[in-house]
Amino acid sequence: MKLVVVSAGLSVPSSTRLLADRLAAATGRYTSVDVQVVELRDLAVEIAHNFTSGFPGRALSAALEAVTEADGLIVVTPVFSASYSGLFKSFFDVLDQDALTGKPVLIAATGGSARHSLVLEHALRPLFAYLRAVVVPTAVYAASEDWGAEGLAERIDRAAGELGRLMEGLGSGAGAGAGAVRRADAADAAERADASVAVDTDTAAAIAPRALDGALASADRFTVIPFEQQLAALRP
């Protein structure tokens with residue numbers, strides 16, 4: 001499976017990239033993945049041009065395609081002004097709004113102080129919930145004092161395990177799930193096109209006797225009555 005890591009670190013070396021690499025390595029212990037890293041620092045100019053021109057450059061286009069086609073994502077941002085960085089947000093602003101629908105995502109952040117750890121819950125989790133991604137329960141925040149301290153490795157392992165198991169679960173049921181969704185969508189579209197609703201036979205007999213026209217002889221408990229006929233039956 002394809003795991004894409006999006007790192008919004010700006011410095012070299014970067015604690016944000018370090019956390020991203022550790023999360024990816026931990027995920028690989030739970031499921032077999034091919035890891036691709038997207039460094040947003042290298043795409044900053046193309047992201048800005050995309051906003052003004054409406055067209056992504058070659059490198060940005062490849063990164064957007066990688067994220068769209070990934071089986072799972074790890075996204076890591078440094079904390080700026082108590083939220084994710086502008087570069088991080090800009091990248092997901094230019095991504096197609098449906099690209100992350102149903103995709104497993106592990107969110108993480110780095111900062112200079114543990115006081116910013118709630119950025120995961122008040123900023124990152126709502127962002128990816130809005131994009132209809134499936135965000136794993138455990139998010140990982142690493143402050144400066146967390147590196148080498150007790151607890152960070154355990155949080156990384158727990159979050160990676162959740163992502164790996166979610167990727168495995170969604171991957172194994174992808175074919176059947178997609179087929180079920182397509183069948184449900186087709187049925188829903190047909191129902192809308194026909195402008196019909198299913199009503200209880202007894203209720204239909206009470207409110208639209210002229211519309212039934214012998215349909216009550218059906219052995220089914222429910223009878224499909226075209227909506228126009230129901231309205232016509234209710235008119236005086």
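Check the entry above for the structure.
Reading the values: the criteria
Residues numbered from 1 in each chain as written. Predicted model: local features only at pLDDT ≥ 70, side-chain atom pairs only at ≥ 80, totals over all residues. Heavy atoms only, no water. Helix = DSSP H or I, 4+ residues; strand = E, 2+ residues; numbered from the N terminus. Axes fitted to C-alpha atoms, helices over the stretch in contact; angles between N-to-C directions. Parallel < 35°, antiparallel > 145°, perpendicular 65-115°, else oblique. Contact = heavy atoms within 4.5 Å. Nonpolar A, V, L, I, M, F, W, Y, C, P; charged D, E, K, R; others polar. Core = buried A, V, L, I, M, F, W, Y, C linked by side-chain atoms within 4.5 Å. Buried < 20%, exposed > 50% of the residue type's maximum accessible area, 1.4 Å probe, protein only. Phe/Tyr/Trp six-rings, centres within 6.5 Å; stacked < 30°, edge-to-face > 60°. Pairing = 2+ DSSP bridges. Salt bridge = Lys/Arg side-chain N within 4 Å of Asp/Glu carboxyl O. Right-handed = clockwise from strand over helix to strand, strands pointing away.

1. A closer look at unusual backbone geometry
Then, in step 1: Following Val-12, the chain continues into Pro-13 via a peptide bond in cis, with omega recorded as 0°.
Then, in step 2: Its location among the elements puts Pro-13 in the loop between strand 1 (2–7) and helix 1 (15–28).
Then, in step 3: Of note, Ala-82 is a non-glycine position whose phi angle comes to about 65°, a positive value.
Then, in step 4: By the element assignment, Ala-82 lies in the loop between strand 3 (72–80) and strand 4 (83–84).
Then, in step 5: Within the chain, Arg-132 stands out as a residue other than glycine whose phi angle is a positive 65°.
Then, in step 6: By secondary structure assignment, the location of Arg-132 is in the loop between helix 5 (119–130) and strand 6 (134–135).

2. Re the packing of helix 2 (residues 44–53) against helix 3 (residues 58–69)
Then, in step 1: One can describe the packing of helix 2 onto helix 3 by two numbers: an axis separation of 8 Å at closest approach and a directional angle of 90°. What the angle tells us is that helix 2 and helix 3 run roughly perpendicular. Contacts from Glu-46, Ile-47 and Asn-50 of helix 2 reach helix 3 at Arg-58, Ala-59 and Leu-60.
Then, in step 2: Tallied by class, the residues present in the contact of helix 2 with helix 3 amount to three nonpolar, one polar and two charged.

3. Thoughts on the nonpolar core
Then, in step 1: Residues Phe-88, Phe-91, Phe-92 and Phe-128 are the most contacted members of the largest nonpolar core, which totals 40 residues.
Then, in step 2: Residue assignment for this core shows that the elements contributing at least two residues are strand 1, helix 3, strand 3, helix 4 (86–94), strand 5 (104–111), helix 5 and strand 7 (140–143).
Then, in step 3: If one sorts the elements of this core by residue count, helix 5 sits on top with six residues.
Then, in step 4: With near-sequence residues (within four places) excluded, Phe-88 lies in contact with Ala-8, Leu-40, Val-75, Val-76, Thr-77, Leu-124, Leu-127 and Phe-128.
Then, in step 5: Counting 21 residues, the second largest nonpolar core, distinct from the first, contains Leu-19, Val-136, Ile-156 and Met-167.

4. Side note on helix 4
Then, in step 1: Among the residues of helix 4, Leu-87, Phe-88, Ser-90, Phe-91, Phe-92 and Val-94 are the ones counted as buried.
Then, in step 2: Buried-residue contacts for helix 4 involve strand 1, helix 2, helix 3, strand 3, strand 4 and helix 5.

5. Some words on the packing of aromatic side chains
Then, in step 1: Summed over the entire model, instances satisfying the criterion amount to five aromatic pairs.
Then, in step 2: Ring geometry for Phe-88 against Phe-128: centres 6.2 Å apart, planes inclined by 70°, an arrangement best described as edge-to-face. Highlighted residues: Phe-88 in helix 4 and Phe-128 in helix 5, separated in sequence by 40 residues. The same class applies to Phe-88 and to Phe-128, which are both buried.
Then, in step 3: One aromatic cluster is present, formed by Tyr-84, Phe-88, Phe-91, Phe-92 and Phe-128 through successive ring pairs.

6. Looking at the pairing of strand 7
Then, in step 1: Residues Val-140 and Ala-142 line one face of strand 7 and the alternating positions Tyr-141 and Ala-143 line the opposite face, and both faces are buried.
Then, in step 2: Inspection of the sheet shows strand 5 paired to strand 7 by four bridges, in the parallel sense. Bridged to Thr-110 within strand 7 is Ala-142.

7. Points about the side chain of Ser-83
Then, in step 1: Summarising the element assignment, Ser-83 is placed in strand 4.
Then, in step 2: By relative accessible area, Ser-83 is classed as buried at 19%.
Then, in step 3: Once residues lying within four places of it in the same chain are set aside, the contact partners of Ser-83 are Pro-78, Val-119 and Ala-123.

8. Comments concerning the pattern of salt bridges
Then, in step 1: Applying the stated criterion across every chain yields a total of eight salt bridges.
Then, in step 2: Between Asp-146 and Arg-155 there is a salt bridge, and its shortest N-O distance comes to 3.8 Å.
Then, in step 3: Under the relative-accessibility criterion, Arg-155 is labelled partly exposed at 23%.
Then, in step 4: Salt bridges sharing common partners tie together Arg-17, Asp-21 and Glu-39.

9. Side note on the pairing of strand 2 (residues 34–39)
Then, in step 1: Bridging between strand 1 and strand 2 involves six bridges; their strand directions are parallel. Within the sheet, the bridge partner assigned to Lys-2 lies in strand 2 and is Asp-34.
Then, in step 2: Note that the unit made of strand 1, helix 1 and strand 2 has a crossover that is right-handed.

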